[in-house]
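Notes for the structure review
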Amino acid sequence: MEDLSPEIQKKIKDLSRPPYLELERVKHCHAWLTELLISRMTGLLVGESRCGKTVTCKAFTKQYNELKKTQGQRFKPVVHIQIPKACGSRDFFIKILKALNKPTNGTISDLRERTLDSLEIHQVEMLIIDEANHLKYETFSDVRHIYDENGLGIAVLLVGTTSRLHAIVKRDEQVLNRFLEQYELDRLDESQFKQIVQIWERDVLNLPVASNLATGENLKLLKQGTQKLIGRLDMLLRKAAIRSLLRGHQNLDKDVLKEVITATKW
């Protein structure tokens, strides 16, 4: 890094951070999330791994909370949590309490009561449970309890990979009957994929020299390497761009792109 110009060092630093762009598919999903929040309903957000579910949810949470922050320090309308594997009730409550900057000590009963109080105090309107397929079967009763609690009246969104989340939800009739509506983030089609590659080259990579990623062999390589999933595309392009810059290239080098794709195991 020391041999690189300050401009290239800054570019590499910028590329190390996941970007956020106002894509049409994200706007459509945010409109559905807003409707869910306003109506205080439940929903499922599903899609393949690396299709952009988490990025979309985090962006919605940030934007909505920014929009409402003038209503006071305590006001936190949207809480987004990511669930660890085999998540029981204790871990579930701790995730929510940490998101609200609350103490996480005590028995499960203490944590449950504190969680319900905290959701009410912070006037939470929507709870987004990401990687919900990692919740243990018995923990779904706590999810139902939060949604059914009369004093709260909050929307609850479960987020996960399509097949895994469906399998978990269908195991419990009580959960299935509460989470009937779903929104699916699909794999990109041919024209969308080409357009997204162009946007990423122009607005995310923004390298000194054009790489022509949306044409010819480059586009073919990217389709094969990403299976047209936006999360994979972002990771591959930013990694290949950083490696190209470190090797002194002014654009994303085709041989480097091949190297990164070959070495990536999904």
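Residue positions are given per chain, counted from 1 along the sequence in the order it is written. Since the coordinates come from a predicted model, pLDDT governs what is reported: local features require at least 70, and pairs of side-chain atoms require 80 or more to be given and counted, while whole-chain, interface and lining totals use all residues. Excluding hydrogens and water, the side-chain figures rest on all heavy atoms present in the structure.

Under the annotation held in an unreviewed UniProt entry, the chain carries the name AAA family ATPase and is attributed to Scytonema millei VB511283.

Strand order across the open sheet formed by 5 strands is β2-β3-β4-β1-β5, with parallel pairing between neighbours. Since the sheet does not close on itself, it has two edges, and those belong to β2 (78-82) and β5 (182-185), each with one partner. Taken over all neighbouring pairs, the strand axes of this sheet differ in orientation by 15° on average, direction set aside. Two elements, β2 and strand β3 (residues 126-130), share 5 bridges in a ladder whose sense is parallel. Here the rule is simple: two strands pair whenever DSSP picks up at least two bridges between them. In this text, helices come from DSSP runs of H or I with a minimum length of four residues, and strands from runs of E with a minimum of two, each type numbered from the N-terminal end. Orientation is described by lines fitted to C-alpha atoms, with helices fitted over the stretch in contact, and by angles between N-to-C directions that extend from 0 to 180 degrees.

The description of two aromatic rings rests on the distance between their centres and on the angle between their planes. Only Phe, Tyr and Trp rings take part, Trp by its six-membered ring, and two of them pair if their centres are within 6.5 Å. Stacked means planes under 30 degrees apart, edge-to-face means over 60, and tilted covers everything else. Within this structure, the stated rule accounts for 3 aromatic pairs. Arranged with centres 5.9 Å apart and planes meeting at 25°, the rings of Phe 60 and Tyr 64 form a pair that is stacked. Here Tyr 64 and Phe 60 lie together in helix α3 (residues 53-68), a separation of 4 residues that amounts to about one turn. Each residue is placed in one exposure class: buried if its accessible area under a 1.4 Å probe, protein chains only, is under 20% of its type's maximum, exposed if it is over 50%, and partly exposed if it falls in between. Classification of Phe 60 as buried rests on a relative accessible area of 4%. With centroids separated by 5.6 Å and ring planes inclined at 45°, the aromatic side chains of Phe 92 and Phe 93 adopt a geometry described as tilted. Its relative accessible area of 0% is what places Phe 92 among the buried residues.

Here we take up helix α2 (residues 24-39). Residues spaced three or four apart along an α-helix face the same direction, because each turn holds 3.6 residues. Take the residue count of a helix, subtract one, and multiply by 1.5 Å to get its expected span. Helix length check: α2 (16 residues) gives 23 Å between terminal C-alpha atoms against 22 Å at 1.5 Å per residue, within 8%. Buried within α2 are the following residues: Arg 25, Val 26, Cys 29, His 30, Trp 32, Leu 33, Leu 36 and Leu 37. Axial view of α2: buried residues confined to an arc of 160°, hence all on one face. In α2, the exposed residues that point more than 90 degrees away from the buried face are Glu 35 and Ile 38. Downstream of α2 by one or two residues, Arg 40 has phi in the positive range, about 60°. Within this analysis, the arc is defined by the directions that extend from the helix axis to the C-beta atoms.

Quick look at the environment of Lys 76 now. Relative to the helices and strands, Lys 76 is located in the loop between α3 and β2. The exposure class assigned to Lys 76 is partly exposed, which follows from its relative accessible area of 28%. Contacts are assigned to residue pairs with any non-hydrogen atoms lying within 4.5 Å of each other. Those residues in contact with Lys 76 that sit more than four places away from it in its chain are Asn 65, Ala 99, Leu 100, His 122, Gln 123 and Val 124. A distance of 2.6 Å separates a polar side-chain atom of Lys 76 from the backbone oxygen of Ala 99. In protein, a polar contact requires one atom able to donate a hydrogen and another able to accept it; more generally it is a pair of N or O atoms within 3.5 Å, and residues adjacent in sequence count only if both atoms are side-chain atoms.

Put simply, side chains in a regular strand alternate between the two faces of the sheet. Strand β1 (residues 42-47) sits mainly inside the fold: 6 of its 6 residues count as buried. Because side chains alternate across β1, one face comprises the buried residues Thr 42, Leu 44 and Val 46, and the other comprises Gly 43, Leu 45 and Gly 47, equally buried. Pairing geometry for β1 and β5, over 4 bridges, is parallel. Counterpart to Gly 47 in the pairing with β5 is Leu 185.

Summary statistics for the chain give a mean pLDDT of 92 and a share of 98% for residues scoring 70 or more. Scored between 0 and 100, pLDDT is the confidence that the predictor attaches to each residue. Here helix α8 (residues 173-176) is the element of the chain with the lowest mean pLDDT, 86, and β3 is the one with the highest, 98.

So, about the layout of surface pockets. The rule is simple: put a 1 Å grid over the protein atoms alone, call a set of points where a 1.4 Å probe fits but cannot get out a cavity, call an open set with protein on both sides within 12 Å along at least five of seven lines a pocket, and count a residue as lining if it has an atom within 4 Å of a point. Grid points are joined across faces, edges and corners, and a volume is the space filled by probe spheres set on the points. What the largest pocket holds in volume is close to 850 Å³. Around the largest pocket, the lining comprises 34 residues; the ones closest to its centre are Gly 52, Lys 53, Thr 54, Val 55 and Thr 56. Counting residues per element, the ones that place at least two in the lining of the largest pocket are α2, α3, β4 (155-161) and α11 (230-246). The biggest single contributor to the lining of the largest pocket is α3, with 8 residues. Put simply, Ala, Val, Leu, Ile, Met, Phe, Trp, Tyr, Cys and Pro go in the nonpolar bin, Asp, Glu, Lys and Arg in the charged bin, and everything else, Gly too, in the polar bin. Taken together, the residues of the lining of the largest pocket sort by class into 13 nonpolar, 10 polar and 11 charged.

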